[in-house]
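# Notes for the structure review
Residue strings, one per chain:
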Amino acid sequence: MANEYLRYPLDPYKFCAAEREAVFDLSLQDMKRAQEMLVDAEGSIHFELRFSYGPQRLLQVEGRLKGDVTLECQRCLGPVQESLDSEFMWGLVTTEEAASNLPRTHEPVFIENEALDLLPAIEDELILALPLVAYHPPEACSMPEQITGQAPEETQAPVEKHNPFSALADLKKSLKSGQ
Ligand SMILES: [Zn+2]
């Protein structure tokens, strides 16, 4: 991976103190978990991250991601392009307690050994930014007519969305109980 921010865990204290900005494009090929939810891994996602100290010396990262991804149309199962543009705000924390004390505006992202492993965190954001279900617009879909006349949204069972934060919490719990 050529990206300087992703090759090594970065020092979030230095980045926040210096109010560093990390702006880069990352190929979908480099995000294997997100790739599993996509029809193909063509293209890349643009990330903008702004590190700073927030209230009470909170390590915070304001972020934005933009890019096009290809999902499966839930009506005709053909590929459908979606443009993503999503903003997020992280609070970097070292403990579950700190995570639960974050302001509501901040999502917890855990740092360990004073290092932030950026790739899993931005990949989580990409997964959160994906729509739960995707459809072609009716005029572009190869299966536009519904026999029942019902909107497909009402007949489809809702897709349970993978939540990377709860997965992380489970992992933390299992690590603790294993000690
Ligand atoms: Zn379709």
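Residues numbered from 1 in each chain as written. Predicted model: local features only at pLDDT ≥ 70, side-chain atom pairs only at ≥ 80, totals over all residues. Heavy atoms only, no water.

Under an unreviewed UniProt entry, the name given to the chain is Large ribosomal RNA subunit accumulation protein YceD, and the source organism is Marinospirillum alkaliphilum DSM 21637. Turning to the chain, the UniProt record has this under Sequence similarities (unreviewed entry): "Belongs to the DUF177 domain family." In the Function (unreviewed entry) part of its UniProt record, the chain is described as follows: "Plays a role in synthesis, processing and/or stability of 23S rRNA." (UniProt positions renumbered as here; feature names shortened; annotations may be inferred.)

Let us now look at the overall build of the chain. Regarding its fold elements, the chain presents seven helices and five strands. If you list the helices and strands of the chain from N to C, you get α-α-β-α-β-β-β-α-β-α-α-α. Counting every position in the chain, which comprises 179 residues, the buried fraction comes to 39%. Taking the contacts inside the chain whose residues are at least 6 apart along the sequence as the reference set, 58% of them involve residues at least 24 apart. Just so you have it, the chain exposes about 10,800 Å², and 49% of that area is on carbon and sulfur atoms. (Helix = DSSP H or I, 4+ residues; strand = E, 2+ residues; numbered from the N terminus. Buried < 20%, exposed > 50% of the residue type's maximum accessible area, 1.4 Å probe, protein only. Contact = heavy atoms within 4.5 Å. Areas by Shrake-Rupley, 256 points an atom, 1.4 Å probe, with all protein chains shown as cover.)

Taken together, the 14 bridges between strand β3 (residues 59–72) and strand β4 (residues 79–93) define a ladder with antiparallel strand orientation. Directly across from Lys66, in β4, lies its bridge partner Asp85. Counting the residues in the hairpin turn of β3 and β4 gives six residues, including Leu77, whose phi is positive at 65°. One ladder, built from four bridges, connects β4 with strand β5 (residues 107–110); its direction is parallel. Counterpart to Leu92 in the pairing with β5 is Val109. (Pairing = 2+ DSSP bridges.)

The subject of this paragraph is the packing of aromatic side chains. Considering all chains together, one arrives at five aromatic pairs under this definition. Ring geometry for Phe15 versus Phe51: centroids 5.0 Å apart, planes at 65°, classification edge-to-face. Here Phe15 is found in helix α2 (residues 12–17), whereas its partner Phe51 is found in strand β2 (residues 44–53), with 36 residues between them in sequence. Taking relative accessible area as the criterion, Phe15 reaches 10% and is therefore assigned buried. (Phe/Tyr/Trp six-rings, centres within 6.5 Å; stacked < 30°, edge-to-face > 60°.)

Take the sheet that holds β5 next. Taken together, five strands build an open sheet; the order of strands is β1-β2-β3-β4-β5 and the sheet is mixed. Whereas interior strands pair on both sides, the edge strands pair on one side only; in this sheet they are β1 (21–27) and β5. Adjacent strand axes in the sheet meet at a mean angle of 30° when their direction is disregarded. Looking at chain direction, β2 and β3 are connected through eight bridges and run antiparallel. For Ser52, the partnering residue across the bridge sits in β3 and is Gln60. Lying over the sheet, helix α5 (residues 118–129) contacts β1, β2, β3, β4 and β5, oriented at roughly 130° with respect to β4. (Axes fitted to C-alpha atoms, helices over the stretch in contact; angles between N-to-C directions.)

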